[in-house]
Amino acid sequence: MSTCLEVRVSGVGFWAPRLPDWQTACAVLAGRAEPEAVARSRPAPALLAPTERRRAPDTVSIALEAASRACEAAGVDPVSLPSVFACTHGDGAINDYLCGTLASNPLLCSPTRFHNSVHNAAAGYWTIGTGCVKPSTALTAGSETFAAGLLEAIVQALADETPVLYVAYDAAMPGPVGEVSPSAGMIASALVVEPLKGDGPGVRPAGVGRCLRARVAPGAQAMPEASVSPGSIPHAWFAALPANSMRQCLPLLAFLASDAEGRMQMQLNQGCVLEVDIEEVTTHG
Amino acid sequence: MKPLAVTAYTTTTAVGQGNAALIGALMAERSGLRPNDFTQHPLETFIGRVADVEAVRLPSHLAPWDCRNNRLALLGLESDGFIAAVEAARRRYGADRIALVIGTSTSSIGATEEAYARLTPEGHFPDDLCRPEVHTPHSLGVFLARALDLRGPCVTVSTACSSSAKVFAQAERLLRLGIADAAIVGGVDTLCGSVLFGFNSLELVSKEPCRPFDPTRNGISLGEAAGFALLEREGVADSDAWLIGHGESSDAHHMSSPHPEGLGAELALRDALARAQRAPAAVDYINLHGTGSQKNDEVEGALIARVFPVSPATSATTHAAPAHAAPAHPAPAHAAPALAASSTKGFTGHTLGAAGIVEAVICLLAMKHGFRPGTLNARSIDPDCGPHVRLHGEHAPVRVAVNESFGFGGNNCVLVFADRAAP
Amino acid sequence: MPAREGIYSMSQVQSVAEHEMAELIVTSLNLEGVDPASIEPEAPLFGTGLGLDSIDALELALEISKRYGVQLRSDDEDNRQIFASLRSLATYVHTHRPA
């Protein structure tokens, strides 16, 4: 078993059409509120200048919303944060458009949509919108995307001793490709993680100031269909959230929302899991 | 940072399969570019197409992942003893202690494009392409984990043209923190309609073979490639090839244009040199991103001119290449050769998400063979691109080599390699 | 109707063709909150003015080729002039439309 990686979660952001912020998501989980009755359309990426804002696809829009809220909750300036963006499929609507256009008349490919098709589009727009020149990365690991991105964010935070922004999101997969590689609706979540340096929890809203102790460990030998089964998603959220590929993030977020302590495992690869203990931050020494 | 030993590496590009084909082409100044014969719809351009990818057959247990990108991945694994090196590492460390960090820009999107071109009359994918395994970008990572039977952390990095450079940085962190004992890094990208017609829509594709840093350069030539490297810790593994530094940054400027002063690129370069604990003057060879686009080469040339000192030998050898010179000029014996920089995209084409690993391998081959490649297809070097860019290759010792990769979204990564771990 | 009478001189009023082009610009570039009728015919489209950039020029050229069958490439030496304003763009497209 490898090193124990300890970080503090100093901010959480969340966006889904009927749970449009983290406070609402926490309240729904605690039974204090109902999900919004009408699904919202995507949030406007307010931090972008008009030129980028009018070009931003859904994936970018939701990722930037969650990212902004997490930074606010953590009380950190986005300019100072390296960032890790994790997305299972990339932008399905753009891929559907590009593949459809290529099949009919490839010379009619939209240059704007092509340059938005890169997997790091959200990372690019985020750094442009915030003026952040720190490193940013974009990754995928299929049904293990959330776990793989979380590991990378934690590793960056500890390796370079810096707070790191972690954003995980997926949008819908429309068109024929969505029948084979499905994802519905939109979910975006974001965390700011930082090295644990022994300062106490202080006053904090729900989900902030929790400690994650993560280890990479040998795990289930067979790669499951999905690392998170619907059964592991809290019922209060299950009905309110679309059948989106980024449901992967929900079990960990449920821990953070509920103030519960405990242990969870997320698949990282065949035969390998990310095991995470979620605890209150305690003062060291 | 603590250097990591690069204990095995290989790449397969348009100039051929494996490292010997690549260094041979670099020395002979032989390009792998040819007129576009890839797209059904005509597109006037040159491409770096790998021969015989179509003929690759996957073993039956990997059949669900069958597509051009994964075929090229398998083809790319089969040279330079790479699979044997991975097997040895697996025995040494255990399959769950080897991380797999792989880069790609478009992964297996070519299979999705094909499915759209062959939709059933009802508008669904044809049966043979109803395989979710190939219609998602992590197809490459899962395929390689299965092909190599690796059971450690497995992730696909996709930051456009810096993807398979950033994998070195990510793997280094995993090893530094003890998450893994070894890492397979690399990248695979294949030609597909999305990139050929996508870059064409941005008017970035040249109708001719790309000629980076030429005053009349007019765009890129796209290519495909696979490349892999095995990274292990100092003290455990000995090697004459070391990753000694990496630097990453963001431009924070524009999705598809570089920062006009190359500020993000400079941050990455300076961070990489700082981690490597090497002064700019210690660098012998730079493999530039050098796409052949007007803006990239101008900005990158200016950056190199700004950061790296000009020695008398630099100005003596840069612009004076005779028109019909034989390839691979010997360096003048009387002086320590000055820094040489070049773009090798005239050999391979721009292989996008595989460019980082291909050009990292070129840096390693430059050290191994004492050969600094030239900038193929360019007829002269644009004076605006600075004094270090070389037209022709030359035999000269390379102790420290730098590889630059810059991607859409303003995503920059610079790697530093050396022939020994200690400064 | 886009053509308005009143205090404007003719040069500040959109022609029918200019209005059609203005609508195409606003729609294809997703210009939030811009009323096509408010685009001044002689004002610069790029840089200042509407704040368009090189990607927008390419996107606009694509939409124009789809709608009008007129090809505009950025390596055309006359391009700067053609894309200078709504008026110059509409004039060029309408004089170069295939019959």
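Residues numbered from 1 in each chain as written. Chains lettered and ligands numbered in written order. Predicted model: local features only at pLDDT ≥ 70, side-chain atom pairs only at ≥ 80, totals over all residues. Heavy atoms only, no water.

So, the sheet that holds strand 3 (residues 34-35) of chain B
Residue and element names in this part refer to chain B. This is how the line gets drawn: Should DSSP find at least two bridges between two strands, the strands are regarded as paired. Where helices and strands are cited, they refer to DSSP runs of H or I of at least four residues and of E of at least two residues respectively, numbered from the N terminus.
Here three strands make up an open sheet; going across it, the order is 3-4-8 and the pairing mixed. The open sheet has two free edges, formed respectively by strand 3 and strand 8 (222-223), since each of these has just one partner strand. Two elements, strand 3 and strand 4 (residues 46-48), share two bridges in a ladder whose sense is antiparallel. Bridge pairing in strand 4 places arginine 34 opposite isoleucine 47.

A few points about helix 8 (residues 263-276) of chain B
The periodicity of an α-helix, 3.6 residues per turn, causes residues three or four places apart in sequence to face the same way. Residue and element names in this part refer to chain B. Here is the rule we go by: One less than the residue count of a helix, multiplied by 1.5 Å, gives the span that helix is expected to have. Between buried and exposed lies partly exposed: a residue is buried under 20% and exposed over 50% of the maximum accessible area for its type, with that area taken using a 1.4 Å probe on protein chains only. In this analysis, two residues are considered to be in contact whenever any of their non-hydrogen atoms come within 4.5 Å of each other.
Compared with an ideal rise of 1.5 Å per residue, which puts 14 residues at 20 Å, helix 8 spans 20 Å between its outermost C-alpha atoms and is within 8% of the ideal. Burial in helix 8 covers these residues: Gly264, Ala265, Glu266, Ala268, Leu269, Ala272, Leu273, Arg275 and Ala276. Looking at the packing, one finds that the buried side of helix 8 touches helix 6 (163-176), strand 10 (242-250), helix 9 (294-307), strand 16 (400-407) and strand 17 (411-418). Positive phi appears at glutamine 277, one or two residues downstream of helix 8, with a value of about 55°.

Overview of the packing of aromatic side chains
The cut-off we apply is this: Stacked, tilted and edge-to-face are the three classes applied to pairs of Phe, Tyr and Trp rings, where Trp contributes its six-membered ring and a pair requires centres within 6.5 Å; stacked means planes under 30 degrees apart, edge-to-face means over 60, and tilted covers the rest. Definition used: whenever NZ (Lys) or CZ (Arg) falls within 6 Å of the ring centre and also within 35 degrees of the ring normal, the charge is taken to sit over that ring.
According to the stated counting rule, one finds twelve aromatic pairs over all chains in the structure shown. Look at A:Phe146 and A:Tyr166: their rings are 5.5 Å apart centre to centre, the planes differ by 40°, and that puts the pair in the tilted class. One end of the pair, A:Phe146, is in helix 7 (residues 145-159); the other, A:Tyr166, is in strand 4 (residues 164-170), with 20 residues separating them in the sequence. For A:Phe146, a relative accessible area of 1% gives the class buried. On the basis of relative accessibility, which here comes to 1%, the residue A:Tyr166 falls in the buried class. Between the aromatic rings of C:Phe46 and C:Phe83, the centroid separation amounts to 5.8 Å while the plane-to-plane angle is 85°, which identifies the pairing as edge-to-face. Of the two residues, C:Phe46 is situated in the loop between helix 1 (16-28) and helix 2 (54-68) and C:Phe83 in the loop between helix 3 (79-82) and helix 4 (86-96); the sequence distance between them amounts to 37 residues. Judged by its relative accessible area of 7%, C:Phe83 falls in the buried class. Over the face of the ring belonging to A:Tyr97 we find A:Arg113, whose NZ or CZ atom lies 3.7 Å from the ring centre.

Details of the interface of chain A and chain C
Basically, it comes down to this: The quantity reported as buried area is the accessible area (1.4 Å probe) lost by two parts once they are put together, taken as the sum for both. The term salt bridge refers to a side-chain nitrogen of Lys or Arg lying within 4 Å of a carboxyl oxygen of Asp or Glu. By the criterion applied in these results, polar contacts are pairs of N or O atoms within 3.5 Å in which, for protein atoms, one can donate a hydrogen and the other can accept it, and in which residues neighboring in sequence qualify only through two side-chain atoms.
Listed by partner, the interface residues are eleven residues for chain A and 13 residues for chain C. Interface of chain A and chain C: buried area, both sides summed, is about 990 Å²; carbon and sulfur atoms make up 46% of it. Ranking the residues of chain A by area buried against chain C places A:Arg54, A:Leu108 and A:Pro111 at the top, with a combined share of 56%. Counting every contact that joins chain A to chain C gives four salt bridges. Taking the shortest distance from any N to any O, the salt bridge between C:Glu32 and A:Arg53 comes out at 3.0 Å. Summed over the shared surface of chain A and chain C, the number is eight residue pairs in polar contact (both at pLDDT 80 or more). Those elements that provide at least two residues to the side of chain A that touches chain C are helix 2 (50-53) and helix 5 (111-116) of chain A. Among the elements that make up the side of chain A that touches chain C, the one with the highest residue count is helix 5 of chain A (three residues).

What to know about the nonpolar core
To be explicit about the condition: Definition of nonpolar core: a set of buried residues of the types Ala, Val, Leu, Ile, Met, Phe, Trp, Tyr and Cys, connected through side-chain atoms within 4.5 Å.
Grouped together as the largest cluster of nonpolar side chains are 102 residues, with contacts concentrated most on A:Trp237 and B:Phe168. Beyond its immediate sequence surroundings of up to four residues, B:Phe168 is in contact with B:Val185, B:Ala229, B:Leu231, B:Leu243, B:Ile357, B:Ala360, B:Leu415 and B:Phe417. A:Tyr97, A:Cys109, A:Val180 and B:Leu43 belong to the second-largest nonpolar core, a separate cluster that totals 68 residues.

Considerations on the interface of chain B and chain A
Heads up, the condition is: Side-chain classes follow a simple rule in which Ala, Val, Leu, Ile, Met, Phe, Trp, Tyr, Cys and Pro form the nonpolar group, Asp, Glu, Lys and Arg form the charged group, and the remainder, Gly included, forms the polar group.
In this complex, chain B contributes 67 residues to the contact, which on the side of chain A involves 66 residues. At the junction of chain B and chain A, the tally comes to three salt bridges. The closest approach of N and O atoms between A:Glu152 and B:Arg173, which form a salt bridge, is 2.9 Å. Between chain B and chain A we count 25 residue pairs in polar contact (both at pLDDT 80 or more) in total. Of all the elements in the fold, those that place two or more residues in the side of chain B that touches chain A are helix 4 (109-117), helix 5 (139-148), strand 6 (154-157), helix 6, helix 7 (193-201), strand 10 and helix 8 of chain B. The biggest single contributor to the side of chain B that touches chain A is helix 7 of chain B, with eight residues. The residue inventory of the side of chain B that touches chain A, partitioned by class, reads 29 nonpolar, 25 polar and 13 charged. Pairing of strand 3 (residues 136-140) of chain A with strand 6 of chain B involves two bridges; the strand directions are antiparallel.

Section: the confidence of the model for chain C
Residues and elements named next belong to chain C. Rules: For every residue, the predictor states its confidence as a pLDDT score lying anywhere from 0 to 100.
Chain-level statistics for chain C give a pLDDT mean of 85 and a share of 88% at 70 or above. The weakest mean pLDDT in chain C belongs to helix 3 at 86; the strongest belongs to helix 1 at 96. Here residues 1-9 is modelled with pLDDT under 50, and outside its nearest four sequence neighbours on either side it reaches eleven contacts, counting other chains as well. Across the predicted assembly, pTM comes out at 0.94 and ipTM at 0.95.

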